[in-house]
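Report on the structure
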Amino acid sequence: MNQEDRTPEDAYEAQDVSEDDAEATRRAAGEAESSRASRGWWDRNADEYQSEHGAFLGDDRFVWGPEGLDEEEAALLGPAASLKGKDVLEIGAGAAQCSRWLAARGARPVALDLSHRQLQHALRIGGEVPLVEADAGRLPFRDASFDLACSAYGAVPFVADPVGVMREVHRVLRPGGRWVFSVTHPIRWAFPDEPGPEGLSVSASYFDRTPYVEQDEEGRALYVEHHRTVGDRVRDVVAGGFRLLDLVEPEWPEWNAQEWGGWSPLRGNLIPGTAIFVCERD
């Protein structure tokens, strides 16, 4: 497992930090601050996240989002039979559930995540998938190392420079390689992040790109998420050197009765919650 050098700010973020008194605000947050906040937040919250959502995600399923769209069904990376022998990079892999699914189909996945604690959960579950601790904006791989890249709600929503991530993924993919990533559907930013009826009324401008930040009393970011419109995401993909093949907006299935944060059957049957971008490197 590779580890990047950590700064004093990173050490602060890795400590036990109480988020009970965190202030939620909308303000600017740059690349370095966003990265530090994401590393710290996921290190602190990985245990709770895996405990709460681990059963839904499974140990070796490939789920694209809270709706439960499964790669087994969707085949957004290509038919399952075509994955055998492919080198695949999973970005923001968490406990590497998607990578295990890929390995079971004969692919050669590498699971990358910024959070050391998330990768410890990958070790706990087990398997032979290589794990790499690194930032999505600085991928520690040679050019043209992979045939495919994927990310299920990993990294992309949390970075200040999404085009930089796109260009890094483009760099490590071979010509013709596919890059598929899912994010919170941009329209959700106009609504409160609530699963009930209160989450169905527009409360903010869809066009306000100011990041959402939770910060401590010193003003240090504990959590950062960046908003991009649908058009922004498409332009980011193109600026990164990709061709957009498809934009998938999963509908909420009848079998899924769970609430996951602001996702719920009530909202899912009325407005999209996830956007999946299927891209190809020329």
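Treat the numbers as computed from the prediction; the structure is a model and nothing was measured.

Cut-offs used in this document
Residues numbered from 1 in each chain as written. Predicted model: local features only at pLDDT ≥ 70, side-chain atom pairs only at ≥ 80, totals over all residues. Heavy atoms only, no water. Helix = DSSP H or I, 4+ residues; strand = E, 2+ residues; numbered from the N terminus. Rg over C-alpha atoms; globule rule 2.2 N^0.38 Å. Buried < 20%, exposed > 50% of the residue type's maximum accessible area, 1.4 Å probe, protein only. Contact = heavy atoms within 4.5 Å. Areas by Shrake-Rupley, 256 points an atom, 1.4 Å probe, with all protein chains shown as cover. Lys, Arg positive; Asp, Glu negative; His and termini not counted. Charge placed at Lys NZ, Arg CZ, Asp CG, Glu CD. Patch = residues over 30% accessible without salt bridge, like charges linked within 9 Å, V, L, I, M, F, W, Y side chains within 5 Å. Salt bridge = Lys/Arg side-chain N within 4 Å of Asp/Glu carboxyl O. Phe/Tyr/Trp six-rings, centres within 6.5 Å; stacked < 30°, edge-to-face > 60°. Pairing = 2+ DSSP bridges. Axes fitted to C-alpha atoms, helices over the stretch in contact; angles between N-to-C directions. Arc of directions from axis to C-beta. Right-handed = clockwise from strand over helix to strand, strands pointing away. Disulfide = S-S within 2.5 Å.

1. Digging into the overall build of the protein chain
Within the protein chain, the secondary structure is distributed over 8 helices and 10 strands. Its C-alpha atoms give the protein chain a radius of gyration of 18 Å, near enough to 19 Å, the size a compact globule of 282 residues would have. Overall, the protein chain is about 50 × 45 × 35 Å in size when its C-alpha atoms are taken along their principal axes. Counting the 282 residues in the protein chain, one finds 54% classified as buried. The contacts in the protein chain between residues at least 6 apart in sequence include a share of 72% that link residues at least 24 apart. Here the protein chain has roughly 12,600 Å² of accessible surface; of this, 49% comes from carbon and sulfur atoms. Treating the 29 positive side-chain charges of the protein chain as one cloud and the 51 negative ones as another, the clouds have centres 7 Å apart.

2. Describing a negative patch on the surface
Taken together, the side chains of Asp20, Asp21, Glu217 and Glu218 define an acidic patch exposed on the protein surface. Inspection of the secondary structure puts Asp21 in the loop between helix 1 (8–14) and strand 1 (23–26).

3. A short note on the packing of aromatic side chains
Taken as a whole, this structure holds 15 aromatic pairs when the rule is applied. With centroids separated by 5.7 Å and ring planes inclined at 85°, the aromatic side chains of Phe56 and Trp260 adopt a geometry described as edge-to-face. Here the residue Phe56 occupies a position in helix 2 (residues 31–57), and Trp260 occupies one in the loop between strand 9 (242–248) and helix 8 (265–268), the gap between them amounting to 204 residues. Taking relative accessible area as the criterion, Trp260 reaches 11% and is therefore assigned buried. Relative to Tyr223, the ring of Tyr212 lies with its centre 6.2 Å away and its plane at 70°, an arrangement referred to as edge-to-face. Of this pair, Tyr212 sits in strand 7 (residues 212–215) while Tyr223 is found in strand 8 (residues 221–225), placing the two residues 11 residues apart along the sequence. Among the residues examined, Tyr223 registers a relative accessible area of 12% and is labelled buried. An aromatic cluster of three or more residues is present, and its members are Trp41, Trp42, Tyr49, Phe56, Phe158, Tyr212, Tyr223 and Trp260.

4. Some points on the sheet that holds strand 7
What the 3 strands build is an open sheet, ordered 1-7-8; its pairing is antiparallel. Either end of the sheet is taken by a strand with one partner, and the two such strands are strand 1 and strand 8. Neighbour to neighbour, the strand axes of the sheet diverge by 20° on average, direction disregarded. Here strand 7 runs beside strand 8; their pairing, made up of 4 bridges, is antiparallel. Directly across from Gln215, in strand 8, lies its bridge partner Ala221.

5. Brief notes about helix 7 (residues 230–239)
Taken as a whole, helix 7 has its buried residues at Asp232, Arg233, Asp236 and Val237. Projected down its long axis, helix 7 carries its buried residues within an arc of 140°, all on one side. For helix 7, exposure combined with an orientation more than 90 degrees from the buried face picks out Arg235 and Val238. Residues of helix 7 that are buried make contact with helix 6 (162–172), strand 6 (173–184), strand 9 and strand 10 (274–281). Taken from the residues just after helix 7, Gly241 is the one with a positive phi, measuring 100°.

6. A short note on the pairing of strand 6
Of the strand pairs in this sheet, strand 5 (residues 146–152) and strand 6 are connected by 6 bridges, and their pairing is parallel. In the strand pairing of strand 6, Phe146 is matched with Leu173. Remark: the strand 5/helix 6/strand 6 crossover connection has right-handed handedness. Both strand 6 and strand 10 contribute to a ladder of 7 bridges, which runs antiparallel. Looking across to strand 10, one finds that Trp179 is bridged to Cys279.

7. What about the state of the cysteines?
Throughout the structure, instances matching the rule amount to 0 disulfides. Cysteine Cys98 shares no disulfide, and the gap to the nearest cysteine sulfur, in Cys150, comes to 6.3 Å. A residue is classified by how much of its surface remains accessible, and Cys98, at 8% relative accessible area, is buried. Cys279 forms no disulfide, and the closest cysteine sulfur to it belongs to Cys150, at a distance of 12 Å. Residue classification places Cys279 among the buried residues on the basis of a relative accessible area of 0%.

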